[in-house]
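Single-letter residue listing:
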Amino acid sequence: MSEDQEAARAAAKRINLQEKANNFMRQYRDPNSRELKKLSANQFMEVWSHYDKDGNGYIEGTELDGFLREFVSSAISSEVSPEAVSDAMLVELMKCFMEAYDDNEDGKIDIRELAHLLPMEENFLLLFRFDNPLESSVEFMKIWREYDTDGSGYIEADELKNFLRDLLKEAKKMNDVSEDKLIEYTDTMLQVFDSNHDGKLQLSEMAKLLPVKENFLCRQVFKYGDEVSHRFLKDRHAKGATRLTKEDIERVFALYDRDNNGTIENEELRGFLKDLLELVKKDYDAQDLHDFEETIMRGVDYNEDGKINKKELTMILLALAKHNTDEA
């Protein structure tokens, strides 16, 4: 290669780096049509990591402002800088954008919403399960038990790869995915969801990868503070007016008693306790769930059968609702 060619290549590289620095999204658009190119799993991760600067799992606040400015200006022309998007225009863009893509209406963009927005490899997009959320945490706990094959309390890289392989098989797309691609998907999913960077997924991290349609216990009547275990023990005999109805109790019991045998047990019980734990603890692992189970069952499982019947569930829910009423 001649000196002139090397100089030209170096200059082109500098221009590309400068353009990337000025507008990160521009590199992912076709230079002629300005349409977004189809992103690989690794490229999607690059975009996510660039805009989720604080690593909290959301693009929000100034991060969202910056993303929208660059997203819009990159679509117009290479000569248009993000600063060309005025504050007034940004407000209007924000409103339209969030109406279209903020599915849960929380005012920020999570990783699934971004995946819905950007064009990506079809197989990788399938792993976000947009159209197939789990019915309940009971189903989640059954999947957890199936793939935590060594019983370590974590989904490690090989176990996650097996899970993703089966997920794609279920979607009848496995023939399109090579082993190298599967490894790339596994590595990317670990980067996205392994928030404590220990190379494996704990319960709360896997729960973000494999979402449940709704945690019914998140509804207002069940919201409560941090000292959950102590309150169950303290308030289990308490009586008084609450906003909890008989229909609420029946619905919760039916939600977790999946086999309709009249008790909540095994994965049903752990699914119920996972939903309770999520109300007070953002990050939790299998040991947290085990400790939580021991404390709760010590407080309500009078017949010591390791299961929850409707009467015992009622005591738990009344304690939650009573505490919520007392704090209101």
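The written sequence of each chain sets the order in which its residues are numbered from 1. A pLDDT threshold of at least 70 governs which residues receive local features in this predicted model, and a stricter bar of 80 or more applies before side-chain atom pairs are shown or counted, although totals over entire chains, interfaces and linings include all residues. To obtain the side-chain values, all non-hydrogen atoms of the structure were included, while hydrogens and water were left out.

*Asks:* Where do I start with the side chain of glutamate 293 in this structure?
*Replies:* Residue position: glutamate 293 is located in helix α14 (residues 286-300). Among all residues touching glutamate 293, those that are not within four sequence positions of it are Leu269, Arg270 and Leu273. By the criteria applied, helices consist of DSSP H or I runs no shorter than four residues and strands consist of E runs no shorter than two, each listed in order from the N terminus. Only heavy atoms matter for contacts: two residues are in contact if any of them lie within 4.5 Å across the pair.

*Asks:* Whenever I open this one, the packing of helix α3 (residues 62-76) against helix α4 (residues 87-101) confuses me. Can you help?
*Replies:* Two quantities define a packed helix pair, namely the angle between the helix axes and the distance between the axes. Between N-to-C directions, angles span 0 to 180 degrees; the directions come from axes that are lines fitted to C-alpha atoms, helices contributing only their stretch in contact. Their axes nearest at 10 Å, the elements α3 and α4 cross at an angle of 95°. Considering the angle they form, α3 stands roughly perpendicular to α4. Contacts between α3 and α4 involve Leu64, Asp65, Phe67, Leu68, Arg69 and Val72 from the former and Asp87, Leu90, Leu93, Met94, Phe97 and Met98 from the latter. For classification purposes, angles smaller than 35 degrees are called roughly parallel, those larger than 145 roughly antiparallel, those between 65 and 115 roughly perpendicular, and all remaining angles oblique.

*Asks:* Could you clarify how one ought to interpret the pattern of salt bridges in this entry?
*Replies:* Think of it this way: side chains of opposite charge can pair up when their charged atoms draw near. In what follows, salt bridge is the name for a side-chain nitrogen of Lys or Arg lying within 4 Å of a carboxyl oxygen of Asp or Glu. By the definition in use, this model includes 13 salt bridges. Residue glutamate 250 is joined to lysine 310 by a salt bridge in which the shortest nitrogen-to-oxygen separation is 3.1 Å. Separated by 60 residues along the polypeptide, glutamate 250 in helix α12 (residues 246-256) and lysine 310 in helix α15 (residues 310-327) bring together distant segments of the chain. Only protein chains enter the area calculation, which uses a 1.4 Å probe; residues under 20% of their type maximum are buried, those over 50% are exposed, and those in between are partly exposed. Classification of glutamate 250 as partly exposed rests on a relative accessible area of 34%. A single salt-bridge network, built from bridges that share partners, covers Arg145, Glu267, Arg270 and Glu293.

*Asks:* Just checking my understanding: could you explain the UniProt feature "domain: EF-hand" (unreviewed entry) in the chain for this structure?
*Replies:* The UniProt record marks residues 39-74, 89-124, 135-170, 181-216 and 244-279 with the feature "domain: EF-hand" (unreviewed entry), using the residue numbering of this structure. Taken end to end, residues 244-279 is 64% helix and 0% strand, and its two terminal C-alpha atoms sit 17 Å from one another. UniProt positions are given in the numbering used here, feature names are shortened, and annotations may be inferred rather than shown by experiment.

*Asks:* What is the right way to read helix α2 (residues 41-51) from this model?
*Replies:* Buried residues of α2: Ala41, Phe44, Met45, Val47, Trp48 and Tyr51, and no others. Buried residues of α2 fall within an arc of 160° about the axis and therefore sit on the same side. The inward-facing, buried residues of α2 abut α3, α5 (111-117), α6 (122-126) and α9 (179-193). Summarising the geometry, the arc corresponds to the directions from the helix axis toward the C-beta atoms.

*Asks:* Explain the nonpolar core to me, please; I cannot follow it from the model alone.
*Replies:* A general trend in soluble globular proteins is that nonpolar side chains are found buried together. If you look at the biggest cluster of nonpolar residues, it comprises 79 residues, and the most contacted ones within it are Phe44, Phe67, Leu114, Phe163 and Phe272. Residues contacting leucine 114, with those up to four places away along its chain left out, are Phe44, Val47, Trp48, Ile59, Phe67 and Ile109. As used in this record, nonpolar core signifies buried Ala, Val, Leu, Ile, Met, Phe, Trp, Tyr and Cys residues forming a set joined through side-chain atoms within 4.5 Å.

*Asks:* Before we go on, may I ask you to explain α12 in this structure?
*Replies:* For an α-helix the count is 3.6 residues per turn, leaving residues at separations of three or four pointing the same way. All of the buried residues along α12 are Asp248, Ile249, Val252, Phe253 and Tyr256. The buried residues of α12 all sit within an arc of 125° when viewed along its axis, so they share a single face. Away from the buried face of α12 by more than 90 degrees, exposed residues Lys246 and Glu247 are located.

*Asks:* Just to check I follow, could you spell out the packing of helix α8 (residues 157-170) against α9 for this structure?
*Replies:* Two elements in contact, α8 and α9, have axes separated by 9 Å at closest approach and are oriented at 115°. The two elements α8 and α9 meet at a crossing, and its hand is right-handed. Contact residues: α8 offers Ala157, Leu160, Lys161, Leu164, Arg165 and Leu168, while α9 offers Glu179, Leu182, Ile183, Tyr185, Thr186, Met189 and Leu190. Each residue is assigned to one class: nonpolar for Ala, Val, Leu, Ile, Met, Phe, Trp, Tyr, Cys and Pro, charged for Asp, Glu, Lys and Arg, and polar for all the others, Gly among them. Counted by class, the contact of α8 with α9 contains 9 nonpolar, 1 polar and 3 charged residues. Handedness of a helix crossing follows the sense of rotation of the near helix relative to the far helix, less than a right angle counterclockwise being left-handed and clockwise being right-handed.

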